[in-house]
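# Reading the structure
Here is how the chains run, residue by residue.
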Amino acid sequence: MNLHRWRWIPNALTFVRILLIAPFAGALLTGDYRRALLIFFLAAGTDAIDGFLARHFNWRSRLGAIADPLADKALLITAYLMLTITAILPFWLFLLVLGRDLLIVVGALAYHYMIGRYDMAPSIPGKLNTLIQILVVLAIIVFLADLPMQPWVVEAGTVLVAVSTVFSGAHYLCVWGLRAWRTTRS
């Protein structure tokens, strides 16, 4: 059986995840938190399956390497935006989360065009920050859906996301700033 002809499936699943962003945002905006949870888990499932297929069958593509993390980030930013618009999370937290991501993108572009090739490689603090952001938004939506969750998750989660976002943003800035400084000095 020729498996090569199925290599489009991971990218299709990424596209499905992108399509799920609008109904996810709508569910959060209207306060339909159980539907938002269902969509969130469906999106997480497509992410897990497309990642497994890409790795297991070597169905990797340049499009997938770019679109997959962008789809994940768009879903997460959408969650923080909707929870901010509905006054669940403070505006400053959304600005911090978005600002860190913009800092990384602008820094990567500046490095690429002013210094040299930039290979996207998430750091340990960056991966930990993403995990914290996901777990906190998930815990908050579970709480809002009247499922078993403590009410303090909103306040504690806000602090945890803020600290991890600042730390990982500063880490990226230091690591890539030092790399740029070393490259331009040699």
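Heads up: these notes are all about the structure in this document. On a predicted model such as this, the values are computed, not experimentally measured, just so you know.

What follows deals with the layout of surface pockets. Within this model, the second largest pocket holds a volume of roughly 230 Å³. Taken together, 13 residues form the lining of the second largest pocket, with Leu103, Gly107, Ala108, Leu173 and Trp176 sitting closest to its centre. Elements represented by at least two residues in the lining of the second largest pocket include exactly α5 (91–114) and α7 (152–185). It is α5 that contributes the most residues to the lining of the second largest pocket, 6 residues altogether. Across the lining of the second largest pocket, the residue classes break down as 11 nonpolar, 2 polar and no charged.

Turning to the pattern of salt bridges, a few remarks are in order. Considering all chains together, one arrives at 7 salt bridges under this definition. Here Lys73 and Asp101 are joined by a salt bridge, their closest N and O atoms 3.5 Å apart. Pair noted here: Lys73 is in helix α4 (residues 62–85) and Asp101 is in helix α5, with a separation of 28 residues, a long-range link. Because the salt bridges share partners, they merge into one network encompassing Arg17, Asp47, Asp50, Asp68 and Asp72.

Glancing now at unusual backbone geometry. Phi at Asn58 takes a positive value of approximately 60 degrees, unusual for a residue other than glycine. Within the element layout of this structure, Asn58 appears in the loop between α3 (33–56) and α4. Residue Asn58 is classed as partly exposed on the basis of its relative accessible area of 48%. In this model, Ala87 sits at a positive phi of 65 degrees, which is unusual for a non-glycine residue. Here Ala87 falls in the exposed class, since its relative accessible area comes to 64%.

Nonpolar side chains in soluble globular proteins tend to end up buried together. Counting 37 residues, the largest nonpolar core has Phe24, Leu28, Tyr80, Val137, Ile140 and Ile141 as its most contacted members. Among the secondary structure elements, those contributing two or more residues to this core are α2 (21–30), α3, α4, α5, α6 (124–144) and α7. The element best represented in this core is α6, accounting for 9 residues. In this structure, Tyr111, Tyr172, Trp176 and Ala180 belong to the second largest nonpolar core, which totals 5 residues.

Another point: a nonpolar patch on the surface. The grouping of Leu3, Trp6, Trp8, Phe52 and Phe57 at the surface amounts to a nonpolar patch, some 470 Å² of accessible area in total. Residue placement: Leu3 occurs in the segment before α1 (9–19). When its relative accessible area of 34% is taken as the criterion, Leu3 is described as partly exposed.

The rules behind these values
- Residues numbered from 1 in each chain as written.
- Predicted model: local features only at pLDDT ≥ 70, side-chain atom pairs only at ≥ 80, totals over all residues.
- Heavy atoms only, no water.
- 1 Å grid on protein atoms, 1.4 Å probe; cavity = no way out; pocket = protein on both sides within 12 Å on 5 of 7 lines; lining within 4 Å.
- Points joined across faces, edges and corners; volume = space filled by probe spheres on them.
- Helix = DSSP H or I, 4+ residues; strand = E, 2+ residues; numbered from the N terminus.
- Nonpolar A, V, L, I, M, F, W, Y, C, P; charged D, E, K, R; others polar.
- Salt bridge = Lys/Arg side-chain N within 4 Å of Asp/Glu carboxyl O.
- Buried < 20%, exposed > 50% of the residue type's maximum accessible area, 1.4 Å probe, protein only.
- Core = buried A, V, L, I, M, F, W, Y, C linked by side-chain atoms within 4.5 Å.
- Patch = residues over 30% accessible without salt bridge, like charges linked within 9 Å, V, L, I, M, F, W, Y side chains within 5 Å.
- Areas by Shrake-Rupley, 256 points an atom, 1.4 Å probe, with all protein chains shown as cover.

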